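Coordinate analysis (summary)
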Amino acid sequence: MPELPEVETVARGLREVLPGRRILSVRLEKTDFIDDPAAVERELPGCRIAAVRRFGKFLLLDLDRSTGGGDAQFSLQVHLGMTGQILTCAPEALVAPHTHVFFTLDDGRELRYTDIRRFGRIRILENGARENVLREFGLDPLEAEEKEFRARIRSRRARIKALLLDQHVLRGIGNIYTDESLWRARIHPKRLGVKLKDVELHRLFRTIQQVLNEAIRLRGSSVSDYLDANGERGEFQLRHRVYMREGKKCFRCSAMIRRVIVAGRSSYFCPHCQLAPRQTRRRK
DNA sequence: CTTACGGCCTGGGTGC
DNA sequence: TGCACCCAGGCCGTAA
């Protein structure tokens, strides 16, 4: 599942080939995951790709409509969902099943978007609306100051797992990197954010950055479908310590890794290293 | 007001 | 061989 490190890896790959390219034509197959498919078909042909950015789990293609008059800017926002893949290839390359978007580029190559489940989303963000939309999101965990991080985590009375997954608190972290970070920081996913001690929040902050940077270095986690912009798998799944390891031994203490549902998500943790919060006492 | 929870979208993998 | 079921992330409506 593409989270921050996977999207960052894809963005870096696309950055090698897309900036400066012009989109010649657009072809769409299924469109139910595109906000306004007609607008995509209408607005993109002729545009120049000015930049490729990552914003949280979003990929942003900054586009120039250089049609003489103004230099109106807008972005194509791509969320890869769980199974989205975006890559460039030769037009004659075999079309992978579930490929729904094709952009012809002015260097003779093609940019394709493939998404088995179609949980991904594509939409156009016009210049004015873009900043308003992006403002809604939380801190980038790799750019945040520890002070801001602490304030965000303590701003709401929710479980730490729910807070880390909430894109309006921090942007870019998903289920894998939440569980991996909490394990390394030895914090149980059900702990309340407001109850974490300074020393725990410090450890968590450092750990999140460490995990994300390590994952970026290894080009992301390929658990099932994830491939980068060159069609290659990542390697961070080899470093997973809890994710999808239910019933296996903890790498630190050999206790049995458990799976529980927290914030509606499968959550893997070590019951020995990550102590559960005290249960609220039950009334008789 | 806050947070928790269930359902929905889709289709590949699993297990009977 | 077939098929019902589970699960994934984000979003939204509703419950507590």
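Please refer to the structure placed before this passage.
Residues numbered from 1 in each chain as written. Chains lettered and ligands numbered in written order. Predicted model: local features only at pLDDT ≥ 70, side-chain atom pairs only at ≥ 80, totals over all residues. Heavy atoms only, no water.

A few words now on the layout of surface pockets. By volume, the second largest pocket amounts to about 330 Å³. Surrounding the second largest pocket, 14 residues form its lining, Met1, Lys57, Gly81, Met82 and Arg265 being those nearest its centre. Per-class residue counts for the lining of the second largest pocket are 6 nonpolar, 5 polar and 3 charged. (1 Å grid on protein atoms, 1.4 Å probe; cavity = no way out; pocket = protein on both sides within 12 Å on 5 of 7 lines; lining within 4 Å. Points joined across faces, edges and corners; volume = space filled by probe spheres on them. Nonpolar A, V, L, I, M, F, W, Y, C, P; charged D, E, K, R; others polar.)

It is worth spelling out the sheet that holds strand E3 (residues 58–64) at this point. Strand order in the open sheet formed by 4 strands is E2-E3-E4-E8, with antiparallel pairing between adjacent strands. The sheet is open, and its two edges are formed by strand E2 (48–55) and strand E8 (121–126), each paired on a single side. Strand-to-strand twist in this sheet, taken as the mean axis angle between neighbours without regard to direction, amounts to 20°. In the sheet, strand E4 (residues 73–79) pairs with E8 via 6 bridges, with the strands oriented antiparallel. Bridge pairing in E8 places Leu76 opposite Ile124. In the packing of helix H1 (residues 4–17) onto the sheet, the strands contacted are E2 and E3, and the crossing angle to E2 comes to about 160°. (Pairing = 2+ DSSP bridges. Helix = DSSP H or I, 4+ residues; strand = E, 2+ residues; numbered from the N terminus. Axes fitted to C-alpha atoms, helices over the stretch in contact; angles between N-to-C directions. Contact = heavy atoms within 4.5 Å.)

As a structural note, the neighbourhood of DNA strand B is formed by Lys30, His98, Ile116, Arg117, Arg118, Phe119, Arg156 and Arg157. Within 4 Å of the protein, the atoms of DNA strand B are drawn from sugar and phosphate moieties in a proportion of 74%. Between DNA strand B and the protein, one listed contact pairs a phosphate oxygen with a side-chain N or O atom of Arg118 at 2.9 Å. Its residues assigned to classes, the surface near DNA strand B shows 2 nonpolar, 1 polar and 5 charged. (Near = heavy atom within 4 Å. Polar contact = N/O pair within 3.5 Å; in protein donor to acceptor, adjacent residues only side chain to side chain.)

Taken together, the neighbourhood of DNA strand C is formed by Met1, Lys57, His79, Met82, Arg117, Phe119, Asn175, Arg259, Arg265 and Ser266. In the interface set of DNA strand C, defined as its atoms within 4 Å of the protein, sugar plus phosphate atoms amount to 58%. Lys57 has a polar side-chain atom sitting 2.4 Å from a phosphate oxygen of DNA strand C. Arg265 is positioned such that a nitrogen or oxygen atom in its side chain is 2.7 Å from a base nitrogen of DNA strand C. Considering only residue class, the surface near DNA strand C consists of 3 nonpolar, 3 polar and 4 charged.

Moving on, we get to the environment of Asp198. Within the secondary structure, Asp198 is located in helix H7 (residues 198–217). Given the relative accessible area of 47%, Asp198 is considered partly exposed. Asp198 sits 57 residues away from Ala255 along the chain, and the two C-alpha atoms are 27 Å apart. Other than its neighbours up to four places away in sequence, Asp198 contacts Arg150 and Arg154. Of note is the side chain of Asp198, whose polar atom sits 3.0 Å from the side chain of Arg154. (Buried < 20%, exposed > 50% of the residue type's maximum accessible area, 1.4 Å probe, protein only.)

Attention now moves to H7. Given 3.6 residues to a turn, an α-helix orients residues that are three or four positions apart in the same direction. For H7, spanning 20 residues, the distance from its first C-alpha to its last is 29 Å, which sits close to the expected 28 Å at 1.5 Å a residue. Of the surrounding elements, those touching the buried residues of H7 are H1, helix H4 (146–153), helix H5 (160–165) and helix H6 (175–185). At the C-terminal side of H7, Arg219 shows a positive phi close to 65°. (Expected span 1.5 Å × (residues − 1).)

Okay, unusual backbone geometry next. Backbone geometry places His98, a non-glycine residue, at a positive phi of 70°. Topologically, His98 is positioned in the loop between strand E5 (84–89) and strand E6 (99–105). Owing to a relative accessible area of 40%, His98 belongs among the partly exposed residues under this scheme. Despite not being glycine, Arg219 shows a phi value in the positive range, around 65°. Residue class for Arg219 comes out partly exposed when judged on its relative accessible area of 33%.

Bringing the sheet that holds strand E1 (residues 23–28) into the picture now. One key point about sheets: their strands pair by backbone hydrogen bonds, in either a parallel or an antiparallel sense. Overall, antiparallel pairing links the 4 strands, which are arranged E1-E6-E7-E5 in an open sheet. Bordering the open sheet on either side are E1 and E5, each of which pairs with just one other strand. Taking each pair of neighbouring strands and ignoring which way they run, the sheet shows an average axis angle of 15°. Direction of pairing for E1 relative to E6: antiparallel, over a ladder of 5 bridges. When the sheet's bridge partners are listed, Ser25 is paired in E6 with Thr104.

Below, the discussion takes up the packing of H4 against H7. For the pair H4 and H7, interaxial distance at closest approach is 10 Å and the crossing angle is 115°. In the packing of H4 onto H7, the handedness of the crossing is right-handed. Residues Glu146, Phe149, Arg150 and Ile153 of H4 pack against Asp198, Leu201, His202, Leu204, Phe205 and Ile208 of H7. Classifying every residue of the contact of H4 with H7 gives 6 nonpolar, 1 polar and 3 charged. (Left-handed = near helix turned anticlockwise from the far one by under 90°.)

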